Amino acid sequence: MLYDETLARKILAMLARVFPRKLHLYELKASLPEHQGLPAQEWLSAVQALRLDRKLDGKFLEDGTSIAD
């Protein structure tokens, strides 16, 4: 799977900073404004890759947050 590794690292860093408070994907994207211009598919690919790598493990994102959000 191809995805933006820089974005993925920033996602993990931002989540680690706010843990244990869980973020919704919308809040997460808003907190990384330098990536706002990315196409939605690139953003979602990075999040999905982190989920598949079990780096999110349901720990960081708000319950009920869907990749489709």
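Residues numbered from 1 in each chain as written. Predicted model: local features only at pLDDT ≥ 70, side-chain atom pairs only at ≥ 80, totals over all residues. Heavy atoms only, no water.

Provide a residue-level description of unusual backbone geometry, including the pertinent values.
Backbone torsion omega between Phe 19 and Pro 20 reads 15 degrees, so that peptide bond is classified as cis. Tracing the backbone through its elements, the reader meets Pro 20 in the loop between α1 (5–18) and α2 (25–30). For Arg 54, which is not glycine, the phi torsion reads 60 degrees and is therefore positive. Turning to its location among the elements, Arg 54 is positioned in the segment after α3 (40–52). (Helix = DSSP H or I, 4+ residues; strand = E, 2+ residues; numbered from the N terminus.)

Tell me about the confidence of the model for the protein chain, residues and numbers included.
Taken as a whole, the protein chain shows an average pLDDT of 87; of its residues, 94% reach a score of 70 or greater. Averaged pLDDT values over the elements of the protein chain bottom out at 88 in α2 and peak at 93 in α1. (pLDDT = per-residue confidence, 0-100.)

Break down the packing of α1 against α3 for me, with residues and values.
For the pair α1 and α3, interaxial distance at closest approach is 9 Å and the crossing angle is 60 degrees. Of the two elements, α1 crosses α3, and the hand of that crossing is right-handed. Along its contact with α1, which presents Leu 7, Ala 8, Ile 11 and Leu 12, the element α3 presents Glu 42, Trp 43, Ala 46, Val 47 and Leu 50. The residue makeup of the contact of α1 with α3, split by class, is 8 nonpolar, no polar and 1 charged. (Axes fitted to C-alpha atoms, helices over the stretch in contact; angles between N-to-C directions. Left-handed = near helix turned anticlockwise from the far one by under 90°. Contact = heavy atoms within 4.5 Å. Nonpolar A, V, L, I, M, F, W, Y, C, P; charged D, E, K, R; others polar.)

Describe in detail the packing of aromatic side chains, supporting the description with residues and values.
Each pair of aromatic rings is reported with the distance of its centres and the angle of its planes. Overall, the coordinates contain 1 aromatic pair when judged by the stated rule. With a centroid separation of 5.6 Å and an interplanar angle of 85 degrees, the aromatic rings of Phe 19 and Phe 60 are classed as edge-to-face. In this pair, Phe 19 is assigned in the loop between α1 and α2 and Phe 60 in the segment after α3, connecting sequence segments 41 residues apart. Among the residues examined, Phe 19 registers a relative accessible area of 38% and is labelled partly exposed. Judged by its relative accessible area of 11%, Phe 60 is buried. The ring of Phe 19 has Lys 59 sitting right over it, with the charged end atom 4.8 Å from the ring centre. (Phe/Tyr/Trp six-rings, centres within 6.5 Å; stacked < 30°, edge-to-face > 60°. Buried < 20%, exposed > 50% of the residue type's maximum accessible area, 1.4 Å probe, protein only. Lys NZ or Arg CZ within 6 Å of the ring centre and 35° of its normal.)

Quick one: what's the story with α3, residue by residue and with numbers?
Taking 1.5 Å of rise per residue, the 13 residues of α3 would be expected to cover 18 Å, and the 18 Å separating its terminal C-alpha atoms lies within 8% of that figure. Tucked into the core, α3 has its buried residues touching α1 and α2. Arg 54 sits one or two residues past α3 and shows a positive phi near 60 degrees. (Expected span 1.5 Å × (residues − 1).)

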